[in-house]
Each structure stands twice: as C-alpha cells, then as structure tokens.
Amino acid sequence: MSQTLTWLSIVGARPQFIKLAPLVRSIQAHNASQEQQIEHIIVHTGQHYDKGLSDVFFAELQIPAPDHHLGVGSGSHGAQTAKMLEGVEKIFLDARPDMVIVFGDTNSTLAGAIAATKLHIPIAHIEAGLRSFNRKMPEEINRILTDHGSDLLLAPTETAVKHLVDEGLSERTVATGDIMYDTVLQNSAIAAEHSTILTDHGLTADEYALVTMHRPSNTDNPERLKAILDTLNEIADTEFPLVLPLHPRTKARLAAFNLDWTPSANFKIIEPVGYLDMMQLMSQARMALTDSGGLQKEAFFLNTPCVTMRDETEWDDTINAGANVLTGADPALIRNAVQAWQSKWENGRPDFTAAARASFGDGHAADQIRDAILDWMKK
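A quick note: this is a predicted structure, and the numbers were derived from the prediction, not measured.

*Asks:* I'm lost on the overall build of the protein in this one. Help?
*Replies:* Looking only at helices and strands, the protein has 17 helices and 13 strands in total. For a compact globule of 379 residues, the expected C-alpha radius of gyration is about 21 Å, and the protein comes in at 20 Å, within 12% of that figure. Overall size of the protein, expressed as C-alpha extent along the three principal axes, is 65 × 45 × 40 Å. Across the 379 residues of the protein, 56% fall into the buried class. When the accessible surface of the protein is summed, it comes to about 15400 Å², and 49% of that surface belongs to carbon and sulfur atoms. Both charge centroids of the protein, one from 31 positive and one from 49 negative side chains, sit 4 Å from each other.

*Asks:* Even after reading the chapter, I still don't get the sheet that holds strand β11 (residues 287-290), so can you show me in this structure?
*Replies:* Pairing between the strands of a sheet comes from backbone hydrogen bonds, and it takes one of two forms, parallel or antiparallel. Taken in spatial order, the six strands make up an open sheet running β10-β9-β8-β11-β12-β13, and their pairing is parallel. Lying at the two open borders of the sheet, with one neighbouring strand each, are β10 (267-270) and β13 (324-326). The mean angle between the axes of side-by-side strands here comes to 20°, regardless of whether they run parallel or antiparallel. The pairing of strand β8 (residues 209-212) with strand β9 (residues 242-245) spans two bridges and is parallel.

*Asks:* I tried to follow the pairing of strand β2 (residues 37-44) on my own but got confused; where do I start?
*Replies:* Within a regular strand, side chains alternate between the sheet's two faces. Burial analysis of β2 places six of its eight residues in the buried class, the great majority of the element. Note: strand β1 (residues 4-11) against β2, eight bridges, orientation parallel. The residue bridging Trp7 from the neighbouring strand is His40, located in β2. Each parallel crossover has a hand, and the one from β1 via helix α1 (residues 14-33) to β2 is right-handed. Relative to strand β3 (residues 68-69), β2 runs parallel, the two sharing two bridges. Opposite Val43, over in β3, you have His68 as the bridge partner.

*Asks:* Sorry, what's going on with the nonpolar core here?
*Replies:* Most often, soluble globular proteins have nonpolar side chains that are buried together. Judged by nonpolar contacts, the single largest core of 96 residues is most densely connected at Trp7, Ile63, Ile101, Leu242, Leu281, Leu289 and Ile373. Once you skip the residues sitting within four places of it in the chain, Trp7 turns out to touch Ile27, Ile38, Glu39, His40, Ile41, Met99, Ile101, Arg370, Ile373, Leu374 and Met377.

*Asks:* Mind showing me how you'd approach the sheet that holds β1 here?
*Replies:* What the seven strands build is an open sheet, ordered β3-β2-β1-β4-β5-β6-β7; its pairing is parallel. Looking along the sheet, the strands with just one partner apiece sit at the ends: β3 and β7 (173-175). Direction of pairing for strand β6 (residues 152-155) relative to β7: parallel, over a ladder of three bridges. Opposite Leu153, over in β7, you have Thr173 as the bridge partner. Sheet strands in contact with helix α4 (residues 107-118) are β1, β4 (99-103) and β5 (123-126), and its direction is about 160° off that of β4.

Calculation rules
Residues numbered from 1 in each chain as written. Predicted model: local features only at pLDDT ≥ 70, side-chain atom pairs only at ≥ 80, totals over all residues. Heavy atoms only, no water. Helix = DSSP H or I, 4+ residues; strand = E, 2+ residues; numbered from the N terminus. Rg over C-alpha atoms; globule rule 2.2 N^0.38 Å. Buried < 20%, exposed > 50% of the residue type's maximum accessible area, 1.4 Å probe, protein only. Areas by Shrake-Rupley, 256 points an atom, 1.4 Å probe, with all protein chains shown as cover. Lys, Arg positive; Asp, Glu negative; His and termini not counted. Charge placed at Lys NZ, Arg CZ, Asp CG, Glu CD. Pairing = 2+ DSSP bridges. Axes fitted to C-alpha atoms, helices over the stretch in contact; angles between N-to-C directions. Right-handed = clockwise from strand over helix to strand, strands pointing away. Core = buried A, V, L, I, M, F, W, Y, C linked by side-chain atoms within 4.5 Å. Contact = heavy atoms within 4.5 Å.

So this is what it looks like as structure tokens:
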C-alpha cells in the first residue's frame, strides 16, 4: 500500500454534509499523526442546491469547499441520477481514487455506487444496513442497491448489522456506531453558545414544537398535505406554538396545489435554517413532528420526544427506546401522540442519553469508520 491513499467522498444533501464533517476531522487527525497520508477529495453533486440546505452547512461545520461541484439540481429520480452518474464517472476516471465513500440513501449515494462499481473502484458505504421495508420509498431502493454493490458496509447500529447479516452480507459488514451522533456531540455546545434562533423568532425554550416536512409521500398528495397542515394548525391553537423551517420542496408544492389553507397565528413558518440553528431549535423544543430520517435521530440524541409522520421508519432503535412514535398522516394518531408526550412532560424533559449510547455508539464513529477503511485496504 502506497504512502498516500486517495479517498473520494460523494455528498449532495443536508444529512450527508452532517455525516461528512466528522470524517473530515478524523482524516485530518490521521494525516497530522501518521506517515501515511490520505488525500481526501470531496464531490458535491448539487442534489441540494438551495444555499439554505447546502452552503451554510459547509461553513458552519467547517467542511472544506468541495473539490468538484456538479450542480445537478432538481429533476426526476432517473434524470437526476443519470446526470450524477455522468459527472462522477468523469471525476473517477481522472482521480482514480483508492476508495469511494458514499453516505446514506440519496440519489447521490446510488449514483456514486453505480459509477464506482462499473469502474471496479472499491466502495465504502457509511450508514449501511438501514431498512424501512417499504420499497415504495426511493430511499429504500437506494439503500439496498448501494449495500449490495459496496465492498465495505459501515453499519451504525446492531439493528443495521442484523439486516445485513440477513441479506448474506456479513463478511463485508463492520459495526462502527453512528457518525451523526459524533456531529451532535461535537456541535451541541457550539449551537447553544452561538445560535440566536429562538430570540430571533420569539420562541421560548420547552414551550414550542419543531416541525419539518418534505417527504414526497406527505407533500405530493394535496389531500394528505392538507390533512397534515390542518392537524398542525389545530395543535398550534390548542397545545403549543409550532415552528416550521420550510423545505423548498414543500414550499413548491404549497404554491402548485394552491391549497385553501393558511397557518394559524401560532404556527410560524420560516426559511430553511443552518445546522447550528436547527440543532438549537431541536434541543430546546418540547417535541418534534417530522417526516425526516435524520431529524428522528437528532431528536433522540438531544432528548427531544419525536412524532414521526410516516408509516414506517428505518430507525427502529428510536421506537424501541420509547423516544419516537409513528403516526403516518392520520390526524387522530398525530394528535394522540402529541397529547401522550404532553402528559409525559409533566415529569420534565425525558433523558434518552443511555439509550442513544447503547444503540448508536460512543460518539467516535468517524475514527472507527476511518480505521475500518484502512484495515480493509490493508487486506
């Protein structure tokens, strides 16, 4: 093995930027202490092209500017993935990396895995083994295809390891802990010190709930979207104020559907926010109502009860720990989940810390991932 290794990371969406940051720091620590160096190339596909969902994360998490930016933007799954494939293949042919690293379950992940596989470049998949067992979700297809095409599967939990073993992939699998947990532990104090998001929007800690919503299953059907929004208005009027950083996708659907709906006076809709502001919003919220995968975990890590407006989740560990409730888009289930958490709040904010560490590791997943890749390359 040469003294310099070339690793190439492919990212394109908010959750991937969050996962990339600890790995960048871990590689930098390795290079500062070891003779063998790792050249780390970062490719941004541009899947999330809105500055509020991209640039601010690189700045706040101190991630180096991408070496390549494909600027793919929006489009159908096929069109978007095809553009990414074409772009990353050219970069691979030029850089000839020793390892391609992909993260999570986005179209960027799938495109990187397919392109690397075709060129016989080894692939390490961070956050491997997640399963919602709903193949109607494009993310589920991306996960399965990426796992089966990858050479090294870096699983965040024992549940994820079990899924990979069940699929005959045990020999490629290494349990590493969850890299997003690293990021939360590294940045929660920074967010508390520097974020002014609560003051900026007149919010009081523990007296509001954070809402995020962007899944196609919730936003592409006008009746389902309207039912959720009406339910959220009711919660804002009867339980506590809500704040919703509006995802560009949801904003576009609201405009396209021209729904007969306006937010309650207690339902504050704001522009997308950066990572530190989102962490502060989450950590100080009475609860979270979301359809995001990553935010379910972040709520768990920050001791914030979660209501997940989906019919299933890839993060069963949060459900099993009693920190998360699935409701789908059913208004009655959403209201019941909120009221159940309200009753539990009578004893104060819950503490999920022990359960989070038991499922997601010790907060040093990035180092374990780095070392697992180095060990694989030695073999």
